[in-house]
Amino acid sequence: MTTTLTLVQGDITRQSADAIVNAANSSLLGGGGVDGAIHRRGGPEILAACRALRASHYGKGLATGQAVATTAGALDARWVIHTVGPVWSATEDRSALLSSCYRESLRIADELGARTVAFPAISTGVYGWPMDDGARIALDTVRTARTAVREVRFVLFDDAAHRVFEAAMG
Ligand code: AR6
């Protein structure tokens, strides 16, 4: 099965896809950046689903590098897949955790039967990961993943991020 990789510039909450990936935090209860935008535009159903996850299987929250799905509420998608990226560290190599976010999100997408998945550049905002390294890890991981997802779309917020992903795409 071939997976097509596409790059677009824009706001991920405006995308139409089977699943939209959220760069969440382990609380699953919202935040800034992509997370804030998804909850704002997706509406209260997503937060209600996240609270239900916290009340059931995720009492301690979602671990870094893991992923879990909820409804997409009012977004033009069937699911939001929440994943928790690592905070960038200059002294510790956490790239396996960042790679895990993409791999686990695709694994959840496969479980759901999602065929189109939109990703933000996980960890490259509030969590401080350098964009070029974040792009390399994202693209390498998706290219080598075994998945039935047909289209992986990276949605880059600004022109600079879009250009970095284009360059990393080769
Ligand atoms: N659409 C697409 N990309 C976006 C959007 C958007 N609407 N908004 C921001 N970006 P971030 P992180 C870009 O901070 O680094 C939250 O508070 C942004 O420019 O959303 O993984 C969570 O609750 C950057 O390139 O996620 C966590 O606490 C990329 O998306 C923490 O931030 C990721 O930036 C997670 O930090």
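Residues numbered from 1 in each chain as written. Predicted model: local features only at pLDDT ≥ 70, side-chain atom pairs only at ≥ 80, totals over all residues. Heavy atoms only, no water.

Peer 1: Account for the pattern of salt bridges, with residues named and values stated.
Peer 2: Taken as a whole and assessed by the stated rule, the structure comprises seven salt bridges. Of the charged contacts in the structure, one is a salt bridge between E92 and R94, with a shortest N-O distance of 2.8 Å. Judged by its relative accessible area of 24%, R94 falls in the partly exposed class. Taking the shortest distance from any N to any O, the salt bridge between R153 and E151 comes out at 3.0 Å. The structure contains a network of salt bridges with shared partners spanning E104, R107 and E111. (Salt bridge = Lys/Arg side-chain N within 4 Å of Asp/Glu carboxyl O. Buried < 20%, exposed > 50% of the residue type's maximum accessible area, 1.4 Å probe, protein only.)

Peer 1: So what's going on with the packing of helix α1 (residues 33-42) against helix α2 (residues 44-55)? Residues and values would help.
Peer 2: At a closest axis distance of 6 Å, the pairing of α1 and α2 adopts a crossing angle of 115°. Where α1 abuts α2, its residues I38, H39 and G42 lie against P44, I46, L47 and C50. (Axes fitted to C-alpha atoms, helices over the stretch in contact; angles between N-to-C directions. Helix = DSSP H or I, 4+ residues; strand = E, 2+ residues; numbered from the N terminus. Contact = heavy atoms within 4.5 Å.)

Peer 1: Hey, could you go over the pairing of strand β4 (residues 79-84) for me, with residue numbers and the actual values?
Peer 2: For β4, a buried count of six out of six residues is recorded, marking the element as mostly surrounded by other parts of the structure. Pairing geometry for strand β2 (residues 19-24) and β4, over six bridges, is parallel. By the bridge assignment, N22 is partnered in β4 with H82. Taken together, the five bridges between strand β3 (residues 67-71) and β4 define a ladder with antiparallel strand orientation. Bridge assignment links A69 to a residue of β4, and that residue is I81. (Pairing = 2+ DSSP bridges.)

Peer 1: Can you tell me about the packing of aromatic side chains, naming the residues and giving the values?
Peer 2: Per the counting criterion, the structure on display carries five aromatic pairs. A ring pair is formed by F119 and F154, whose centres lie 5.9 Å apart and whose planes are at 25°; its orientation type is stacked. Pair noted here: F119 is in strand β5 (residues 116-119) and F154 is in strand β6 (residues 151-156), with a separation of 35 residues, a long-range link. Judged by its relative accessible area of 0%, F119 is buried. When its relative accessible area of 0% is taken as the criterion, F154 is described as buried. Judged by centre distance (5.3 Å) and plane angle (40°), the ring pair of F154 and F165 falls under tilted. (Phe/Tyr/Trp six-rings, centres within 6.5 Å; stacked < 30°, edge-to-face > 60°.)

Peer 1: With reference to specific residues and values, describe helix α4 (residues 131-144).
Peer 2: Under the 1.5 Å per step criterion, the end-to-end length of α4 is 20 Å for 14 residues, consistent within 8% with the ideal 20 Å. Taken as a whole, α4 has its buried residues at G134, A135, I137, A138, L139, T141 and V142. In the core, the buried residues of α4 are packed alongside β1 (4-9), α3 (95-112), β6 and α5 (159-169). (Expected span 1.5 Å × (residues − 1).)

Peer 1: Break down the side chain of R153 for me, with residues and values.
Peer 2: Among the secondary structure elements, R153 is positioned in strand β6. Using a relative accessible area of 11% as the deciding quantity, one classes R153 as buried. Of note is the side chain of R153, whose polar atom sits 3.0 Å from the backbone oxygen of S16. Setting aside residues up to four positions removed in sequence, R153 forms contacts with T6, V8, Q15, S16, A17, V117, A118 and F119. (Polar contact = N/O pair within 3.5 Å; in protein donor to acceptor, adjacent residues only side chain to side chain.)

Peer 1: Any details on the site of the ligand? Residues and values, ideally.
Peer 2: Taken together, 23 residues form the shell around the ligand, and within it N25, G32, V34, D35 and T124 come nearest. One of the backbone nitrogen or oxygen atoms of I12 is found 2.9 Å away from a nitrogen atom of the ligand. Here D35 contributes a side-chain N or O atom positioned 2.7 Å from an oxygen atom of the ligand. Counting residues per element, the shell around the ligand draws most heavily on α1, at four residues. Each residue belonging to the shell around the ligand can be placed in one class, and the counts come to twelve nonpolar, nine polar and two charged. (Near = heavy atom within 4 Å. Nonpolar A, V, L, I, M, F, W, Y, C, P; charged D, E, K, R; others polar.)

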